[in-house]
Amino acid sequence: MRIAVFNTKDYDRRFLEAANRDAGHSLTFFEPRLDRSTAILAQGHDAICIFVNDDASAEVLEALKRLGISAVALRCAGYNNVDLRAAERLGIDVVRVPAYSPEAVAEFTVALLLALERRIPRAWSRVRDHNFALDGLIGRNIAGRTVGVIGTGRIGALVARAFRAGFGCRVLASDLVEDRALVDIGVDYVPRERLIAQADIITLHCPLTPETHHLIDAASLKTAKQGVVIVNTSRGGLIDTDALIAGLKRGRIAGVALDVYEQEADLFFEDLSGEIVQDDVFQRLLTFPNVLVTGHQAFLTEEALTAIAETTLRNVSDLEAGGTVPNRVTTSVLV
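All of these numbers come straight from a predicted model, not from anything done at the bench.

Criteria and cut-off values
- Residues numbered from 1 in each chain as written.
- Predicted model: local features only at pLDDT ≥ 70, side-chain atom pairs only at ≥ 80, totals over all residues.
- Heavy atoms only, no water.
- Helix = DSSP H or I, 4+ residues; strand = E, 2+ residues; numbered from the N terminus.
- Buried < 20%, exposed > 50% of the residue type's maximum accessible area, 1.4 Å probe, protein only.
- Pairing = 2+ DSSP bridges.
- Right-handed = clockwise from strand over helix to strand, strands pointing away.
- 1 Å grid on protein atoms, 1.4 Å probe; cavity = no way out; pocket = protein on both sides within 12 Å on 5 of 7 lines; lining within 4 Å.
- Points joined across faces, edges and corners; volume = space filled by probe spheres on them.
- Contact = heavy atoms within 4.5 Å.
- Polar contact = N/O pair within 3.5 Å; in protein donor to acceptor, adjacent residues only side chain to side chain.
- Axes fitted to C-alpha atoms, helices over the stretch in contact; angles between N-to-C directions.
- Parallel < 35°, antiparallel > 145°, perpendicular 65-115°, else oblique.
- Left-handed = near helix turned anticlockwise from the far one by under 90°.
- Nonpolar A, V, L, I, M, F, W, Y, C, P; charged D, E, K, R; others polar.

Participant: Describe unusual backbone geometry, naming the residues involved and giving the relevant values.
Facilitator: Phi is positive for Phe-269, close to 75°, though the residue is something other than glycine. Positive phi, normally seen in glycine, also occurs at His-296, with a value near 60°. Relative to the helices and strands, His-296 resides in the loop between β12 (291–293) and α12 (302–321). For His-296, a relative accessible area of 9% corresponds to the buried category.

Here's what the structure looks like:
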């Protein structure tokens with residue numbers, strides 16, 4: 001197929017081109033994100049390939065359909081940026097990468113928490129200024145604390161296992177389906193409300209759906225333990241950022257580590273170092289010394305990028321072949 005690849009960086013092109021040596025598709029790379037103004041770039045192609053912050057709303061999909069686009073290939077697991085009902089109505093196939101390297105995100109989750117709790121970014125900054133004083137760098141052990149894992153799919157299960165088996169934590173989990181292998185090693189499945197109320201550390205690993213949007217909000221934070229630590233490497237919309245800031249100001253939240261942000265589409269994956277960022281909420285978040293933010297890089301390993309590229313192109317090949325398409329996304333996921 002002829003595929004228009006939107007929102008591409010150098011690393012996207014490198015790994016997709018390597019994977020395409022076997023797949024044999026025709027790839028055209030575009031730097032702009034997909035939206036209603038850039039959809040025209042897909043003219044002359046059969047399919048588009050997009051990432052998490054591209055806009056595949058009904059309006060954009062309708063424009064793509066008029067251009068002859070028959071498929072949307074997501075090079076990510078999430079599909080909340082695609083209007084699946086519109087895609088189905090228009091006869092546009094949607095495919096995704098449900099799992100690439102869950103280890104990459106799980107390892108980054110643990111790394112973020114350790115960096116936050118042991119004040120590593122602040123220590124590194126001091127040493128670069130030849131300041132070797134230890135004042136203000138007192139951290140806390142992870143061992144022995146209660147970790148709440150919301151969502152125990154491939155990534156969440158690895159995180160739960162790391163904290164339970166690796167650090168000896170008490171681990172609470174919340175999910176619609178229990179992972180029996182986690183139960184066997186001592187992970188306790190509890191209702192989400194109980195998890196939030198009892199956990200010292202809450203880490204989020206669930207998809208963004210209408211039901212999970214702002215699952216961490218003002219109401220849930222009122223029930224959280226004083227001094228709770230929150231980690232999010234999943235989707236920014238899982239957290240109400242205004243409520244998060246309020247919890248930080250009150251001291252209810254002792255620390256936050258984020259690799260995602262609910263309004264990240266206008267910020268992440270771009271070099272804005274020479275510009276004034278207009279997002280006042282994000283700027284406020286960065287003023288807190290107990291907040292650590294990275295720019296949606298948890299997935300960014302060689303192994304993950306290889307798997308993403310190979311699965312993305314295999315999905316398109318499956319569509320082209322007309323047989324079974326294991327990674328097709330339909331409106332059934334919205335039920």
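Picking up after the structure, the text goes on.
Participant: So what's going on with the pairing of strand β11 (residues 253–258)? Residues and values would help.
Facilitator: Where burial is concerned, most of β11 is hidden: five out of the six residues are buried. Pairing geometry for strand β10 (residues 228–232) and β11, over five bridges, is parallel. In the strand pairing of β11, Val-229 is matched with Gly-255. Summarising the sheet, β11 and β12 pair through three bridges and their orientation is parallel. Paired with Val-256 across the two strands is Val-291, which belongs to β12. Note that the unit made of β11, helix α11 (residues 280–286) and β12 has a crossover that is right-handed.

Participant: Can you break down the sheet that holds strand β6 (residues 146–150) residue by residue, with the values?
Facilitator: The parallel open sheet is built from seven strands, whose spatial order is β8-β7-β6-β9-β10-β11-β12. Sheet topology places β8 (188–189) and β12 at the edges, where each strand pairs with a single neighbour. Two strands pair when backbone bridges link them, and β6 and strand β9 (residues 201–204) are joined in this way by four bridges, in the parallel orientation. Pairing of Gly-148 across the sheet is with Ile-202, part of β9.

Participant: I'd like to hear about empty space enclosed by the protein, residue by residue, with values.
Facilitator: By the definition in use, this model includes two cavities of 30 Å³ or more. The space that makes up the largest cavity amounts to roughly 140 Å³. Every residue lining the largest cavity is counted, 13 residues in all, and those nearest its centre are Tyr-11, Asp-12, Phe-51, Arg-75 and Leu-305. Those elements giving two or more residues to the lining of the largest cavity turn out to be α1 (10–23) and α12.

Participant: Give a description of the environment of Thr-312 that names residues and reports values.
Facilitator: Secondary-structure assignment places Thr-312 in helix α12. Those residues within four positions of Thr-312 in sequence are excluded, and the remaining contacts are Cys-49, Ala-73, Leu-74, Arg-75 and Val-97. Polar contacts involving the side chain of Thr-312 include one to the main-chain carbonyl oxygen of Ile-308, which spans 2.7 Å.

Participant: Pulling in residues and values, what's your account of the packing of α1 against α12?
Facilitator: Between α1 and α12, the shortest axis-to-axis distance is 9 Å and the interhelical angle comes to 50°. It follows from the interaxial angle that α1 and α12 lie oblique. Between α1 and α12 lies a crossing whose hand is right-handed. Judged by residue contacts, Tyr-11, Phe-15, Leu-16, Ala-19, Asn-20 and Ala-23 of α1 engage Glu-302, Leu-305, Thr-306, Ala-309, Glu-310, Leu-313 and Ser-317 from α12. Considering only residue class, the contact of α1 with α12 consists of eight nonpolar, three polar and two charged.

Participant: Help me get a handle on the packing of helix α4 (residues 102–117) against helix α6 (residues 154–166), residues and values and all.
Facilitator: Packed helices, taken two at a time, are described by the angle between their axes plus the distance between the axes. Where α4 contacts α6, the axes come no closer than 8 Å and their chain directions differ by 45°. Relative to α6, α4 is oriented oblique. Where α4 crosses over α6, the two elements pack in a sense that is right-handed. Listed contacts from α6 to Pro-102, Glu-103, Val-105, Ala-106, Thr-109, Val-110 and Leu-113 of α4 are Arg-154, Ile-155, Leu-158, Val-159, Ala-162 and Phe-163. Tallied by class, residues from the contact of α4 with α6 come to 10 nonpolar, one polar and two charged.

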